[in-house]
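# A structural walkthrough
Next come the chains, spelled out residue by residue.
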Amino acid sequence: PYDEYIKSVSEVVKREAAKHGLDIPFILMEPGRSIAAPAGVTLAADGAQKSVLFVTTGGFYGETVQAVRAFALEDCFADIYCLRFIKPVDEPYLVSLASSYEAVVLVEDGVRLGGIGEYLQGVLYAHGKTRVAVKAFPDAFLAHGTREEICMDAGMSPRDIAEAAKALLHGKGA
């Protein structure tokens, strides 16, 4: 049951925070995310220094999780915000959320031109958030292949997504 799951997650977080001399963070777990990802996978922790917010569509959640794991191995902190719906977007909430991060990477499974990533980048730019990158497919015909091959050819592999975040943090753009 959900209550037992929350209790076990809370115990692990408290133990690890104590082990590393950290304050116990506030953690929000949203049940019902199983449409886009397993419930309890998308965690948002407050109080920690955050580097990058990855905003993704459900179709690219798996690749984004892999990118964040690789990113974390380099002692960079990141959170994932999975868009449950493309529209409507709660723009004030997104702008507020993004303000807690040094940079934002928008990852989508559509094309860059005219896509939700480009739209959200404009919203964030309009509110002064300029360290934003969009990772999406090019507006071009892509060769057939496995999902992994197509993502690699299009610059949409987990490694490419993580590299975009690192470039933003190091002032190189994405």
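Residues numbered from 1 in each chain as written. Predicted model: local features only at pLDDT ≥ 70, side-chain atom pairs only at ≥ 80, totals over all residues. Heavy atoms only, no water.

Spatially, 4 strands are ordered β4-β3-β5-β6 in an open sheet, and the strand pairing comes out parallel. Taken across any chain shown, the strands that pair with only one partner, and hence form the sheet edges, are β4 (78-83) and β6 (132-137). Mean inter-strand twist for the sheet, computed between neighbouring axes without regard to direction, equals 20°. Sheet topology places strand β3 (residues 52-57) next to strand β5 (residues 103-111); 5 bridges connect them, and they run parallel. Of the residues in β5, the one forming a bridge with Thr56 is Val107. (Pairing = 2+ DSSP bridges. Helix = DSSP H or I, 4+ residues; strand = E, 2+ residues; numbered from the N terminus. Axes fitted to C-alpha atoms, helices over the stretch in contact; angles between N-to-C directions.)

What follows concerns the packing of helix α3 (residues 91-98) against helix α4 (residues 116-126). In contact at an axis separation of 10 Å, α3 and α4 are set at 70° when each is read in the N-to-C sense. As judged from the angle between their axes, α3 and α4 are roughly perpendicular. The handedness of the crossing between α3 and α4 is right-handed. On α4, the residues that touch Glu91, Leu94, Val95 and Ala98 of α3 are Tyr119, Leu120, Val123 and Leu124. Looking at the contact of α3 with α4 residue by residue, the class counts come to 7 nonpolar, no polar and 1 charged. (Parallel < 35°, antiparallel > 145°, perpendicular 65-115°, else oblique. Left-handed = near helix turned anticlockwise from the far one by under 90°. Contact = heavy atoms within 4.5 Å. Nonpolar A, V, L, I, M, F, W, Y, C, P; charged D, E, K, R; others polar.)

In this section: the packing of helix α2 (residues 61-72) against helix α6 (residues 158-169). The N-to-C vectors of α2 and α6 enclose an angle of 50°; their axes lie 8 Å apart at closest approach. With respect to their mutual orientation, α2 and α6 come out oblique. Here α2 and α6 pass one another in a crossing that is right-handed. Two secondary-structure elements touch here, α2 through Glu63, Gln66, Ala67 and Phe71 and α6 through Pro158, Ile161, Ala162, Ala165, Lys166 and Leu169. Partitioned by chemical class, the residues of the contact of α2 with α6 number 7 nonpolar, 1 polar and 2 charged.

Let us now look at the pattern of salt bridges. For the structure shown, the criterion picks out 4 salt bridges. As a salt-bridge pair, Glu16 and Arg15 come within 4.0 Å of each other at their nearest N and O atoms. Judged by its relative accessible area of 29%, Glu16 falls in the partly exposed class. A salt bridge links Glu16 to Lys19; the nearest nitrogen and oxygen atoms lie 3.3 Å apart. Of this pair, Glu16 and Lys19 both sit in helix α1 (residues 2-19), 3 residues apart, which is roughly one turn of that helix. Residue class for Lys19 comes out exposed when judged on its relative accessible area of 57%. (Salt bridge = Lys/Arg side-chain N within 4 Å of Asp/Glu carboxyl O. Buried < 20%, exposed > 50% of the residue type's maximum accessible area, 1.4 Å probe, protein only.)

Taken by themselves, the reported measurements are silent on function.
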